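Examining the three-dimensional arrangement
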Amino acid sequence: MPAAAPRSGDAIFASVEHVNAELFTLTYGAIVRQLLTDLEEVDEVNKQLDQMGYNIGIRLIDEFLAKANVSRCVDFKETAETIAKVGFKMFLGVTASVTNWDADGTCCSIVLEDNPLVDFVELPDTCQGLYYCNVLSGVIRGALEMVSVHED
């Protein structure tokens, strides 16, 4: 039997159960607000968001590999493109682009065209330095670590 073709992020997103976007956004905002209240230091909140994302990422990669039917990526550029085009579409329903590659092809930026986590968000001046969406960095870090891609 021939191998199944890789599924696009759109096809996977359409086939999974969804959570109301506003509920998701407001719940995430409440979590960030509670962390700010509990931890008081923005740097500590940034670390906690990253750790939360990491913990999500090490579990999310299993679902991604099971549902996305993607083959092993040959290099970091293909890995980044897969995360941007399939992963973000599959789990958040948004498209991302990969930009700002360094000369070695080992460092890049993944830019979300429409970030659902920032809807309804207004940060006060006391939150200078807060990486509000740091959970996403942690998710990527955790997922990559589970497939033996080490990052900084």
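Presented here is a report on the structure given in the accompanying data block. (Residues numbered from 1 in each chain as written. Predicted model: local features only at pLDDT ≥ 70, side-chain atom pairs only at ≥ 80, totals over all residues. Heavy atoms only, no water.)

Roughly 660 Å³ of internal volume is contained in the second largest pocket. Every residue lining the second largest pocket is counted, 24 residues in all, and those nearest its centre are Cys108, Ser109, Ile110, Ser137 and Ile140. Sorting the residues of the lining of the second largest pocket by element identifies helix H4 (76-92), strand S2 (109-112) and helix H5 (134-146) as the ones contributing at least two each. The residue makeup of the lining of the second largest pocket, split by class, is 14 nonpolar, 6 polar and 4 charged. (1 Å grid on protein atoms, 1.4 Å probe; cavity = no way out; pocket = protein on both sides within 12 Å on 5 of 7 lines; lining within 4 Å. Points joined across faces, edges and corners; volume = space filled by probe spheres on them. Helix = DSSP H or I, 4+ residues; strand = E, 2+ residues; numbered from the N terminus. Nonpolar A, V, L, I, M, F, W, Y, C, P; charged D, E, K, R; others polar.)

Turning our eyes to something else, we now look at the nonpolar core. The biggest cluster of nonpolar side chains holds 24 residues, and the ones touching the most others in it are Tyr28, Val32, Leu36, Leu49, Phe88, Leu130 and Leu136. Elements that contribute at least two residues to this core include exactly helix H2 (21-39), helix H3 (42-68), H4, strand S1 (96-99) and H5. Per-element tally for this core: the top contributor is H4, with 5 residues. Setting aside residues up to four positions removed in sequence, valine 32 forms contacts with Leu49, Leu130 and Tyr132. (Core = buried A, V, L, I, M, F, W, Y, C linked by side-chain atoms within 4.5 Å. Buried < 20%, exposed > 50% of the residue type's maximum accessible area, 1.4 Å probe, protein only. Contact = heavy atoms within 4.5 Å.)

To continue, consider unusual backbone geometry. Positioned with a positive phi, asparagine 69 is a non-glycine residue whose angle comes to about 50°. By the secondary structure assignment, asparagine 69 is in the loop between H3 and H4. Unusually for a residue other than glycine, asparagine 100 sits at a positive phi of about 55°. Of the residues examined, asparagine 100 reaches a relative accessible area of 59% and is grouped as exposed.

Time to look at a nonpolar patch on the surface. The grouping of Leu65, Met146 and Val147 at the surface amounts to a nonpolar patch, some 240 Å² of accessible area in total. Along the chain, the position of leucine 65 falls in helix H3. By relative accessible area, which is 42% here, leucine 65 ends up partly exposed. (Patch = residues over 30% accessible without salt bridge, like charges linked within 9 Å, V, L, I, M, F, W, Y side chains within 5 Å. Areas by Shrake-Rupley, 256 points an atom, 1.4 Å probe, with all protein chains shown as cover. Salt bridge = Lys/Arg side-chain N within 4 Å of Asp/Glu carboxyl O.)

So, about the packing of H2 against H3. Put simply, H2 and H3 touch, their axes get as near as 9 Å, and they point 135° apart. The angle between H2 and H3 places the two elements in the oblique class. The two elements H2 and H3 meet at a crossing, and its hand is right-handed. Taking contact as the criterion, the partners of Tyr28, Ile31, Val32, Leu35, Leu36 and Leu39 in H2 are, on H3, Val42, Glu44, Val45, Gln48, Leu49 and Met52. When the residues that make up the contact of H2 with H3 are grouped by side-chain class, the tally is 10 nonpolar, 1 polar and 1 charged. (Axes fitted to C-alpha atoms, helices over the stretch in contact; angles between N-to-C directions. Parallel < 35°, antiparallel > 145°, perpendicular 65-115°, else oblique. Left-handed = near helix turned anticlockwise from the far one by under 90°.)

So, to be careful, I would describe these as geometric facts and stop short of saying anything about function.
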